[in-house]
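# Structure at a glance
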Amino acid sequence: VYIVARDTQPTPNVQSSVSLIDITTQSDTTPPVFAATFPKKSAVLDTSFSLDVQVNEAGTFYYVVVADLAAVPSAAQVAAGVNEAGNTPIAAGSSAIAASTPTSVVISGLTHSTQYDVYVVVEDDEATPNLQATAKRVDVTTAVDATPPVFAAGSPSVASVVDTSFNLVVELNEAGSFNFIVVADGSAVPSVSEVVAGVDYGVETVVAFGSGTVSAGSTPKSVTISTGLVASSDYDVYVVARDTQPTPNQQSSVSTVAVSTAADQTPPVFQASTPSKSSVLDTSFDVDVQLNEDGTFYFVVVPNLAAAPSVAQVLLGKNANGANALASGNAAASAGVLAS
């Protein structure tokens, strides 16, 4: 510091040279100070919010998020990223901050419609940082749920695939429900509303449709689909989910999983109350059969109350004793068409 003096004469007498004083200030021992209204919250959503911080000097701020009314952590605990008990809090983090410059961090992964306490503490950038003595609290209440459920990794998926059925497995991150449709592989992708409606759309035919309920997050729900499927065929399954809010948050796009049914492993099934008889005369009658798929039916005629032959014996035209039946035969049958 250079100093010059003068007296109080009408014409002041001023010193002819300057005097010097050397001064060395002490090291910074003062922690940063928050600017007015800081720290504060902004952009509060259902599962996230922004924490805004501004201080008078450069440094680092730390924060922890704990349940509302939880025990207050010390400044050192906040800086260490732990709660008052020394355990992992709901969320924690830190960020560098410049002097007099608002800085924000987004804190996410929270629960909707929930109250939290956020504790914030700042230290400067000295070689030995000056940490604030106490953390400052910010109260936050997240907004109501506005986020649709999210499928767990690998979901939706299929399981227990056989020739004419498979299981659709859905797992969400929260309780909810879902709709699905099954269409032939290569069909046009349906809209969300078309999956929910579960009916044919455009030129595409919906092979199967349905819905299911997921009781809680991370709890898989399996639905068996066994209607309208054909063996050795490729299908696309489209799924849309929503949560359980009074006004449900529904996904804005469809998810898909491909499935190929196995080769035919199921024998045909009789339909239309067949097999039955018709045109019964004195020495003849007709055997009527309708099947659910293309196939061949075989028959044998034996005396009334005779022992029943086995399947293999009917195929060979034999009675229960292995001898030729009174009459036997076979005929082709087309799916859903009565054959005699």
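Coordinates for the structure precede this section.
Below you will find a few notes about this structure.

Conventions we followed
Residues numbered from 1 in each chain as written. Predicted model: local features only at pLDDT ≥ 70, side-chain atom pairs only at ≥ 80, totals over all residues. Heavy atoms only, no water. Helix = DSSP H or I, 4+ residues; strand = E, 2+ residues; numbered from the N terminus. Contact = heavy atoms within 4.5 Å. Pairing = 2+ DSSP bridges. Axes fitted to C-alpha atoms, helices over the stretch in contact; angles between N-to-C directions. Salt bridge = Lys/Arg side-chain N within 4 Å of Asp/Glu carboxyl O. Phe/Tyr/Trp six-rings, centres within 6.5 Å; stacked < 30°, edge-to-face > 60°. Lys NZ or Arg CZ within 6 Å of the ring centre and 35° of its normal. Polar contact = N/O pair within 3.5 Å; in protein donor to acceptor, adjacent residues only side chain to side chain. 1 Å grid on protein atoms, 1.4 Å probe; cavity = no way out; pocket = protein on both sides within 12 Å on 5 of 7 lines; lining within 4 Å. Points joined across faces, edges and corners; volume = space filled by probe spheres on them. Nonpolar A, V, L, I, M, F, W, Y, C, P; charged D, E, K, R; others polar.

## Here we look at the environment of F61
Structurally, F61 is set in strand 5 (residues 59–67). Sequence spacing of F61 and V189 is 128 residues, and the spatial spacing of their C-alpha atoms is 49 Å. Setting aside its immediate chain neighbours within four residues, F61 contacts L51, V53, G93, S94, S95, I97, T103, V105, V120, V121 and V122.

## Observations regarding the environment of F166
Secondary-structure assignment places F166 in strand 11 (residues 166–170). Along the backbone, F166 and A262 are 96 residues apart, and their C-alpha atoms lie at a distance of 9.7 Å.

## Let's talk about the sheet that holds strand 10 (residues 157–159)
Whether parallel or antiparallel, the strands of a sheet pair through hydrogen bonds between backbone atoms. The antiparallel open sheet is built from three strands, whose spatial order is 10-11-14. Unpaired on one side and paired on the other, strand 10 and strand 14 (221–225) mark the two borders of the sheet. Strand-to-strand twist across the sheet, computed as the mean angle between neighbouring axes with direction ignored, equals 30°.

## Re the pattern of salt bridges
Once the charged atoms of two side chains with opposite charge are near each other, the side chains can pair. Throughout the structure, instances matching the rule amount to one salt bridge. A salt bridge links D139 to R137, with the nearest nitrogen and oxygen atoms 3.0 Å apart.

## Digging into the packing of aromatic side chains
Under the defined criterion, the tally for this structure stands at zero aromatic pairs. For K40, the ring lying beneath its charged end belongs to F38, and the centroid distance is 4.6 Å.

## Brief notes about the sheet that holds strand 4 (residues 49–53)
The sheet built from three strands is open, its strands ordered 3-4-7 with antiparallel pairing. Edge positions in the open sheet fall to strand 3 (40–42) and strand 7 (103–107), since each of these has one partner strand only. Each strand axis lies, on average, 30° off the axis of its neighbour in the sheet, ignoring direction. Relative to strand 7, strand 4 runs antiparallel, the two sharing five bridges. By the bridge assignment, L51 is partnered in strand 7 with V105.

## Re the side chain of E123
Tracing the backbone through its elements, the reader meets E123 in strand 8 (residues 115–124). A polar contact of 2.8 Å, which involves the side chain of E123, links it to the side chain of Y62. Once residues within four sequence positions are removed from consideration, E123 is found in contact with P32, A58, G59, T60, Y62, P129, N130 and L131.

## Topic: the layout of surface pockets
Within this model, the largest pocket holds a volume of roughly 310 Å³. Lining the largest pocket are 15 residues; nearest its centre among them are F270, P275, V287, V289 and Y298. Of all the elements in the fold, those that place two or more residues in the lining of the largest pocket are strand 17 (276–278) and strand 19 (295–301). For the lining of the largest pocket, the element with the highest residue contribution is strand 19, accounting for five residues. As a volume, the second largest pocket reaches approximately 230 Å³. Every residue lining the second largest pocket is listed: D163, T164, L229, V230, A231, D264, T266, P267, V269, N292 and E293. Its residues placed into classes, the lining of the second largest pocket shows five nonpolar, three polar and three charged.

Bear in mind that shape data such as this cannot, by itself, settle questions of function.
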